[in-house]
Amino acid sequence: MRDPMSAFTDAFTTFLFGKVETTRLPVRTSTGQAQAVYLPTAAPGLGDSGVIIGREVYSGKGYIYDPFQLYGQQLPAPHWLVLGESGNGKSALEKTYVLRQLRFRDRQVVVLDAQGEDGAGEWNLIAQELGITPIRLDPMAALDGGIKLNPLDPAITTTGQLALLRTIIEVAMGHGLDERSGFALKVAHAYVHATIVERQPVLMDIVEQLRHPEPESAEAMNVDIDDVRAWGLDVALVLDRLVDGDLRGMFDGPTTVGIDLDSPLIVFDLSHIDRNSIAMPILMAIVGVWLEHTWIRPDRKKRIFLVEEAWHIINSPFVAQLFQRLLKFGRRLGLSFVAVVHHLSDVVDGAAAKEAAAILKMASTRTIYAQKADEARSTGQVLGLPRWAVEIIPSLTPGIAVWDVNGNVQVVKHLVTEAERPLVFTDRAMTENSQASDASDAADAMMGGLPDDVRAAEWEAEQRAILMEQQRLNASSESTVA
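This one's a predicted model, so the numbers in the text were calculated from it and none came from an experiment.

A closer look at the packing of helix α7 (residues 158–173) against helix α8 (residues 179–195)
Packing of α7 against α8 leaves a shortest axis separation of 11 Å and a crossing angle of 140°. By the criterion of interaxial angle, the relationship of α7 to α8 is oblique. Remark: the crossing between α7 and α8 carries right-handed chirality. Across the interface between the two elements, T158, Q161, L162, L165, R166 and I169 from α7 touch G182, L185, K186, H189 and H193 from α8. In the contact of α7 with α8, the residues fall into 4 nonpolar, 5 polar and 2 charged.

Overview of the pairing of strand β1 (residues 51–56)
Of all the 6 residues making up β1, 5 are buried; the element is thus mostly covered by neighbouring parts of the structure. Of the strand pairs in this sheet, β1 and strand β2 (residues 62–65) are connected by 4 bridges, and their pairing is antiparallel. Each bridged residue has a counterpart across the sheet, and for I52 the counterpart in β2 is I64.

Quick notes on the side chain of T365
Inspection of the secondary structure assignment puts T365 in strand β11 (residues 363–368). A residue is classified by how much of its surface remains accessible, and T365, at 0% relative accessible area, is buried.

A short note on empty space enclosed by the protein
Going through the model one piece at a time under the given rule, you end up with 2 cavities of 30 Å³ or more. Along the walls of the largest cavity sit H79, W80, L81, I314, L327, F337, A339, I359, L360 and A363, which together make up its complete lining. Top element by residues in the lining of the largest cavity is strand β3 (residues 79–83). It accounts for 3 residues. Taken together, the residues of the lining of the largest cavity break down into 9 nonpolar, 1 polar and no charged.

A word on the packing of α7 against helix α15 (residues 317–331)
The contact between α7 and α15 brings their axes to 8 Å, and the two run at 150°. Classified by the angle their axes make, α7 and α15 are roughly antiparallel. On α15, the residues that touch T167, E170 and V171 of α7 are F318, V319 and L322. The residue makeup of the contact of α7 with α15, split by class, is 4 nonpolar, 1 polar and 1 charged.

A short note on the sheet that holds strand β12 (residues 400–405)
Sheet strands associate in pairs through backbone hydrogen bonding, adopting either a parallel or an antiparallel arrangement. With respect to topology, 11 strands assemble into an open sheet ordered β2-β1-β13-β12-β11-β3-β10-β9-β4-β8-β7, the strand pairing being mixed. Only two strands of the sheet have a single partner each, and these edge strands are β2 and β7 (135–136). Relative to strand β10 (residues 335–341), β3 runs parallel, the two being bridged by 4 bridges. The residue of β10 that forms the bridge with L81 is A339.

Some thoughts on the pattern of salt bridges
Summed over the entire model, instances satisfying the criterion amount to 17 salt bridges. Where E122 meets K95, a salt bridge forms, and the shortest distance between an N and an O atom there is 3.2 Å. One end of the pair, E122, is in the loop between β6 (120–121) and α5 (124–129); the other, K95, is in helix α4 (residues 90–101), with 27 residues separating them in the sequence. K95 matches E122 in its accessibility class, with the two residues each being buried. Each member of the salt-bridge network shares a partner with another, and the members are D66, D106 and R107.

Cut-offs applied
Residues numbered from 1 in each chain as written. Predicted model: local features only at pLDDT ≥ 70, side-chain atom pairs only at ≥ 80, totals over all residues. Heavy atoms only, no water. Axes fitted to C-alpha atoms, helices over the stretch in contact; angles between N-to-C directions. Helix = DSSP H or I, 4+ residues; strand = E, 2+ residues; numbered from the N terminus. Parallel < 35°, antiparallel > 145°, perpendicular 65-115°, else oblique. Left-handed = near helix turned anticlockwise from the far one by under 90°. Contact = heavy atoms within 4.5 Å. Nonpolar A, V, L, I, M, F, W, Y, C, P; charged D, E, K, R; others polar. Buried < 20%, exposed > 50% of the residue type's maximum accessible area, 1.4 Å probe, protein only. Pairing = 2+ DSSP bridges. 1 Å grid on protein atoms, 1.4 Å probe; cavity = no way out; pocket = protein on both sides within 12 Å on 5 of 7 lines; lining within 4 Å. Points joined across faces, edges and corners; volume = space filled by probe spheres on them. Salt bridge = Lys/Arg side-chain N within 4 Å of Asp/Glu carboxyl O.

In structure tokens, the structure reads:
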């Protein structure tokens, strides 16, 4: 029973201020029991403008990502690094991301497709669906009238041509050019550029000039003509490999007419090139510079440059320096560089560790699929991931990845619509029986035989399905929170 004085005090307080809130006794409990009192929380998303990736695992919200929409305060650079072992969903993510980005009219995508299946690149099905012919770089096909890219194409500036020639030679030699070899290359290029005006100069013109330099080039530096010839001999031998060696046919003639650089999707099919040979980084260098000078333009288009097997770029010091410049230059003109790598250790422990660190620093978005525990720890240390994220990476199932967007770290489940599924899953030989594969091939053939207006209608239907899925996820998330 309360004492009279307390009762009088409460009555007087109620008369003056109204009824006071009931005072409750404290409750003692464990943290395991108390956690049910608090609603589950998750980190905020990246907004609702852009393309849908999937669903954030802990909150169930739709996960929207677009580097062009986020660039600025939320994202200091639009470049993106995708990591993870094979079979965990990297390819499916890249392909659906590109398909969904192409819904926007001001988007354009270039893909360096270094992996193949059934004699064609991994992006061949998507290119066919969009009515696009991949640019297939194949030494054997090039000899029979196949695709050629000319490093001396007039569309590339003279400075760019010389930088590209140096990079090709340095990649092939495995070391930088000394001053004398660099001088011999410079004077040979200058002479060819000044004297051959009635046609496109080609690599054979450079090789011939290195073998037989003009006396004027020696007199300009007050050296003997035989010295200039000797300085350029190693350079000529390297370039001769592109003219009459195992890489002949692809780069020793004028650029093939008809390559459509205004197409929304441009696919360079490199699947016929040995991925472990020196040819791959040389190809990366040539394509990178050729695109820099012919594709990236100040026309307000947002461009995406996606590179499969990107360690061929980042692991070569000379190619990495070239792409580092491309990234810095492209950022001003709306370029998002997407690098796909299996293991970060392939890069940071390679010959171009310094250049790799610079490129990784430019990638403000990192997506990490399942990795082994040791690899996850080293990846987390290099990328500065929180400990909880590093601990769950080895246990991630296919299709689920850790996303780090400028410090906003979330776990995201990638969603693939039924319309996209036959286009993005290319490992049919390992996952389907022959009957199912034959049915899929028949469906692909049927789709390829449809008239253009029907194909366009099917494409629009697929894109509407993606949009409806995005709206459904967001509505489901809002009802869950409510």
